[in-house]
Amino acid sequence: MNSDIKIIKGRLTRLFKRRPKTRYWLMLTNDTYDQTYNLFFNSQRANERLQSVPLHKLAHYDLANLENLLKALRQDIKLTIEFVGFTGERWPASQKLIQRKRVPLE
């Protein structure tokens, strides 16, 4: 898990440019077919197209591990995280819903 965090942080520092009028966020997808979680870095400047760059693929398909990884990641990174493919699922520790409504990407 620590190696995943280091890889993600390293790639984020290269991609995050802090440009004005630009929106940055992370998107975490649940790939049920391959049993993996995929993390993408999204950025969009005003009046321009969305850019989505794959950051990392988490091969450990376990919600408890994912929850711990996100807690550690959120301590350093203050970006919004959008969840796709987690409709109706709950975090193991807090029992909070991960994603309420389906996203048009699903």
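Keep in mind that this is a model prediction, so the values were computed, not measured.

What counts, and where the lines are drawn
- Residues numbered from 1 in each chain as written.
- Predicted model: local features only at pLDDT ≥ 70, side-chain atom pairs only at ≥ 80, totals over all residues.
- Heavy atoms only, no water.
- Helix = DSSP H or I, 4+ residues; strand = E, 2+ residues; numbered from the N terminus.
- Buried < 20%, exposed > 50% of the residue type's maximum accessible area, 1.4 Å probe, protein only.
- Core = buried A, V, L, I, M, F, W, Y, C linked by side-chain atoms within 4.5 Å.
- Pairing = 2+ DSSP bridges.

Draft legend 1. Just unusual backbone geometry, in detail. The residue Q35 is not glycine, and still its phi comes out positive at about 55 degrees. Looking at where Q35 falls in the secondary structure, it is placed in the loop between β1 (22-31) and β2 (36-45). For Q35, a relative accessible area of 42% gives the class partly exposed. A positive phi angle is found at N47, which is not glycine, with a value near 60 degrees.

Draft legend 2. Fine view of the nonpolar core. Residues L12, L26, L28, L66, L70, F83 and F86 are the most contacted members of the largest nonpolar core, which totals 23 residues. Sorting the residues of this core by element identifies α1 (2-15), β1, β2, β3 (51-58), α2 (63-76) and β4 (80-84) as the ones contributing at least two each. Sorting elements by how many residues they give to this core places α2 first, with 5 residues.

Draft legend 3. Region of interest: the environment of N2. In this structure, N2 sits in helix α1. Assessed through its relative accessible area of 57%, N2 is described here as exposed. Separated by 72 residues in sequence, N2 and R74 have C-alpha atoms that sit 14 Å apart.

Draft legend 4. A look at the pairing of β1. Judged by how many residues are buried, β1 sits mostly within the fold: 9 of 10 residues are covered. Bridge analysis of β1 against β2 gives 10 bridges, and the strand direction is antiparallel. Note on β2: the bridge partner recorded for D31 is T36. The loop that links β1 with its antiparallel partner β2 comprises 4 residues; one of these, Q35, has a positive phi angle of about 55 degrees. In the sheet, β1 pairs with β4 via 5 bridges, with the strands oriented parallel. Bridged to M27 within β4 is E82.

Shape is all these values report; function is a separate question.
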